[in-house]
Amino acid sequence: MRAWPKDGIAFGGDYNPEQWPRSVWDDDMRLMREAGVTFVTLGVFSWSWLEPTKGEYTFEWLDEAMDLLHANGIAVDLATATATPPPWLTSAYPEILPVDHDGHTLWPGSRQSWCPSSRLYRELALSLTDRLAARYHDHPALAMWHVSNEYACHNLPCYCDTCAIAFRAWLEQRYADLDTLNDAWGTAFWSQRYTAWEDILPPRRTTTFANPTQVLDYHRFGSDTLLGFYREEYEVIRRHSSQVPITTNFMTLSNFRLLDYHDWAPLQDVVSTDHYIVDSLEHPRAELSFHGDLTRGLAGGRPWILMEHSTSAVNWQPVNPAKAPGQTVLDSLTHVAHGADALGFFQWRQSRSGSEKFHSALVPHAGEDSDRFREVCELGAISARLGELLGSTVEAEVAVLWDYEALWAMSGPCMPSSAIDYATAPHTFHRILRERGITCDVVHPSADLSRYRVVIVPTLYVVSDENASAIASAAESGAHVVVTYFSGISDLDDHVRLGGYPGAFRDLLGVRVEEFFPLRPGEVVPLSGGGTGSQWSEDARAVDAEVLSTYAAGPLQGRPALTRRAVGEGTASYLGTLPDDATLGSVLDEVIALAAVTPAAQTPPGVEVVRRSSSEGSWLFVLNHTTQEHEVTVTGHDLLTGRDVGPTHRLAGLCAAVVREA
Ligand code: GLA
Ligand code: ZN
């Protein structure tokens, strides 16, 4: 085995040599060396090439690929190949196929066609993992183990009978007896009271709304079930391979919501994740930065691995635009700014057949004589030059809370508004702070909040008593807490906290809300002092808080929209609506001033700044996401150009600087 590449930012991606004739492999090695590739992920979807029929193993090609990579100095992140079963397996054991909400079998012919609860599938997968680990644990190219692939992608939730049985067992663990379950699920409503465990089903398609707590528990069950599978694969690998780090690639992009990564992260030797730009978002690069801060939060502040992203277009949107020249490098450096110590892509060589033939890659269809490949080579060279900042961290004085259980519960059926999305408020606050050069950690509500000067609590619909009181204690001891609408409404069973909203934060905020007045898509309400609110409004009364802004028209005219209360050494502000960017900006400017939070640097709009630091020094990432040239104030040595810069530095559009500060 070898160490994970440490000379620079590790650089590479998914390598699928089985898609190509052997004659192409030598060319792959030549081009990988040219591009500066230092690691590849091998074998993610290789099961049918490793075990073409039951019990017949064909590891020779993988031996050869591993040897070849080693000979070329490239480290291997070796996959367990268990993400997708081969056709012989699903033919022999059709009972492992997943079933959708409507009871339809999801047939093979694509990928990930297996039920997350299937013991049979697990046994077959574990036996392949066992063979791989036994064969390659001491291979000199091996630097990391990559378990499965993007757990939950495509096959969760599954509603099959196997899942029904497993769900009952999970519920018995959680609730012990049916009275407790009936109480938690509120089954007195609509005659849903259970008197036998066997009567409980997954929340399959039904006449109308399913029980919301049942749906919430089905999310928890799905995440726990796959985590159980991950643990089993982990243990099988560890029996053969005691030292090599083990990971599975998360999907912390904000439109993937199926796993509670706060439970998964502690079981990773190193947190790794995938990220793709979603072009339909209004602020796709702000989402990229949010994703980086969320991943760093999952990694406990330590550096993480970007296992996959794309050099250019993806193939799964209705329309898939290519990246502009420079954006391959700029997007990658943005991930590094937020704490990535490795840059991986899907995939090395663009496929000529199959479902992802129009997904970009490091080597495009056009071949090495292409601007994209030249930019890839430039990125490889840059990655090699950034070795000095490996292991450095990103320090933030502001926390934005993010919680998958709140997300699941809030996304449930029959809410006051289906027009508000869990991610909107956290993304908006994060984006407005990012525009001000202020770095945020995105962390779970149970994180240690004592280290933050500002704590943002956006649409934390469900919150436990403990986490609510930790948020209040943070304010007592000097933090400036900002809570938004639709936070603290329910407990972990999704039972509403009574006596006026927001139950869990009513005392902290000194605000009591009697009724919600959610706004329709596109509807805005004017605020006193200028600006408008969107998404939400509510009939709030300031019981013990200063009113900073009220609704200026409509049924809530004169009612508080923004309040603040002094709490111990800190403050607790409340926003009953989502103000427009400029208004929210001035609200946050005030909070930042109260908290004396400092930006990483002052920059023009569209130029992002993040600082990484260690005992060795500090590096300021200046990321110009606009297409115009901008001037920034920074002094030091730019690792990208190898030149000293400052006190002002002119940065062209879609360009970056990574400045070792004096
Ligand atoms: C995911 C998968 C890859 C590939 C990419 C395409 O991240 O892990 O196999 O399908 O999406 O964007
Ligand atoms: Zn199932």
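Predicted, not measured: the structure shown is a model, and the values here were computed from it.

Novice: Got a sec to walk through the overall build of the chain? Specific residues and values, please.
Specialist: A count of helices and strands for the chain gives 17 helices and 29 strands. The C-alpha atoms of the chain give 26 Å as radius of gyration, which agrees with the globular expectation for 662 residues (26 Å, within 12%). With the C-alpha coordinates aligned to their principal axes, the bounding extent of the chain is approximately 75 × 75 × 40 Å. When burial is assessed residue by residue, the chain has 60% of its 662 residues classed as buried. Taking contacts inside the chain between residues at least 6 apart in sequence as the whole, the part at least 24 apart equals 71%. As displayed, the chain has an accessible area near 25,200 Å², and 51% of this comes from carbon and sulfur atoms. Of the side-chain charges in the chain, 49 are positive and 85 negative, and the distance between the mean point of each set is 2 Å.

Novice: Provide a residue-level description of the sheet that holds strand E20 (residues 560–567), including the pertinent values.
Specialist: Strand order across the open sheet formed by seven strands is E12-E11-E13-E14-E21-E20-E19, with mixed pairing between neighbours. Strands at the two margins of the open sheet, each flanked by one partner only, are strand E12 (440–443) and strand E19 (546–550). Ignoring strand direction, the axes of neighbouring strands in this sheet form an average angle of 20 degrees. Relative to E20, E19 runs antiparallel, the two sharing four bridges. Bridged to Thr-550 within E20 is Pro-560.

Novice: Describe the site of ligand 1, listing the residues and the values that go with them.
Specialist: The immediate surroundings of ligand 1 are formed by Phe-45, Arg-111, Asn-149, Glu-150, Asp-274, Tyr-276, Glu-308, Trp-316, Phe-346, Glu-356 and His-359. A distance of 3.0 Å separates an oxygen atom of ligand 1 from a polar atom in the side chain of Arg-111. Protein coverage of the free-state accessible area of ligand 1, which is 310 Å², stands at 96%. When grouped by side-chain class, the residues that make up the shell around ligand 1 number four nonpolar, two polar and five charged.

Novice: Give a detailed account of the coordination of the zinc ion (ligand 2), specifying residues and quantitative values.
Specialist: The zinc ion (ligand 2) binds to the protein through Cys-115 (SG), Cys-158 (SG), Cys-160 (SG) and Cys-163 (SG); the donor distances cover 2.2 to 2.3 Å. Residue class for Cys-158 comes out buried when judged on its relative accessible area of 1%. For Cys-160, a relative accessible area of 7% corresponds to the buried category.

Novice: Give me the lowdown on the domain arrangement of the chain, citing residues and values where you can.
Specialist: Examined at the domain level, the chain breaks down into domain 1 (10–159 + 202–394), domain 2 (398–595) and domain 3 (607–661). Here the C-alpha centre of domain 3 lies 34 Å away from the C-alpha centre of domain 2.

Novice: How would you summarise the packing of aromatic side chains if you had to cite specific residues and measurements?
Specialist: Applying the stated criterion across every chain, the model contains 34 aromatic pairs. Summarising the aromatic geometry, the rings of Tyr-218 and Phe-221 are spaced 5.2 Å apart at their centres and angled 40 degrees between planes, so their arrangement reads as tilted. Here Phe-221 and Tyr-218 lie together in helix H8 (residues 212–240), a separation of three residues that amounts to about one turn. By the burial criterion, Tyr-218 is buried, and Phe-221 matches it. Seen in terms of ring centroids, Tyr-501 and Phe-516 are 4.1 Å apart; in terms of plane orientation they differ by 15 degrees. Their pairing is stacked. Of this pair, Tyr-501 sits in the loop between strand E14 (480–484) and helix H16 (506–509) while Phe-516 sits in strand E15 (residues 511–516); the two residues are 15 residues apart in sequence, bridging distant segments of the chain.

Novice: If you had to explain helix H5 (residues 119–136) to someone new, which residues and values would you point to?
Specialist: Each full turn of the α-helix corresponds to 3.6 residues, which orients residues three or four apart in the same direction. Here H5 is 18 residues long and its end C-alpha atoms lie 25 Å apart, about the 26 Å a rise of 1.5 Å per residue gives. Of all the residues in H5, the buried ones are Tyr-121, Arg-122, Leu-124, Ala-125, Leu-126, Leu-128, Thr-129, Leu-132, Ala-133 and Tyr-136. Looking at the buried positions of H5, the neighbouring elements they touch are helix H2 (47–50), helix H3 (60–71), strand E3 (75–79), helix H4 (87–92), strand E4 (142–146) and H8.

Novice: Break down the environment of Pro-212 for me, citing the residues and quoting the values.
Specialist: Summarising the element assignment, Pro-212 is placed in helix H8. The class for Pro-212 is partly exposed, based on a relative accessible area of 33%. A sequence separation of 203 residues divides Pro-212 from Met-415, and the C-alpha atoms of the two residues are 9.7 Å apart.

Novice: Describe the packing of helix H1 (residues 22–35) against H3, naming the residues involved and giving the relevant values.
Specialist: Think of two packed helices as two axes; the pair is described by the angle between the axes and how far apart they sit. At their nearest, the axes of H1 and H3 sit 11 Å apart, and the two run at 25 degrees to each other. The pairing of H1 with H3 is recorded here as roughly parallel in orientation. Crossing angle aside, the handedness with which H1 passes H3 is right-handed. Together, Arg-22, Trp-25, Asp-26, Met-29 and Met-32 of H1 and Trp-61, Glu-64, Ala-65, Leu-68 and Leu-69 of H3 make up the contact between the two elements. Grouping the constituent residues of the contact of H1 with H3 by class yields seven nonpolar, no polar and three charged.

Novice: Before we move on, could you go through the side chain of Gln-268 and cite the residues and values that matter?
Specialist: Relative to the helices and strands, Gln-268 resides in the loop between helix H9 (261–264) and strand E7 (272–274). Given the relative accessible area of 8%, Gln-268 is considered buried. Separated by 3.3 Å, the side chain of Gln-268 and the backbone oxygen of Trp-264 make a polar contact. In contact with Gln-268, other than residues within four places in its own chain, are Tyr-230, Ile-246, Thr-247, Thr-248 and Phe-250.

Conventions and cut-offs
Residues numbered from 1 in each chain as written. Chains lettered and ligands numbered in written order. Predicted model: local features only at pLDDT ≥ 70, side-chain atom pairs only at ≥ 80, totals over all residues. Heavy atoms only, no water. Helix = DSSP H or I, 4+ residues; strand = E, 2+ residues; numbered from the N terminus. Rg over C-alpha atoms; globule rule 2.2 N^0.38 Å. Buried < 20%, exposed > 50% of the residue type's maximum accessible area, 1.4 Å probe, protein only. Contact = heavy atoms within 4.5 Å. Areas by Shrake-Rupley, 256 points an atom, 1.4 Å probe, with all protein chains shown as cover. Lys, Arg positive; Asp, Glu negative; His and termini not counted. Charge placed at Lys NZ, Arg CZ, Asp CG, Glu CD. Pairing = 2+ DSSP bridges. Axes fitted to C-alpha atoms, helices over the stretch in contact; angles between N-to-C directions. Near = heavy atom within 4 Å. Polar contact = N/O pair within 3.5 Å; in protein donor to acceptor, adjacent residues only side chain to side chain. Nonpolar A, V, L, I, M, F, W, Y, C, P; charged D, E, K, R; others polar. Donors = N, O, S within 2.8 Å, 3.2 Å for Na, K, Ca; no water. Domains from an automatic or database assignment. Phe/Tyr/Trp six-rings, centres within 6.5 Å; stacked < 30°, edge-to-face > 60°. Expected span 1.5 Å × (residues − 1). Parallel < 35°, antiparallel > 145°, perpendicular 65-115°, else oblique. Left-handed = near helix turned anticlockwise from the far one by under 90°.

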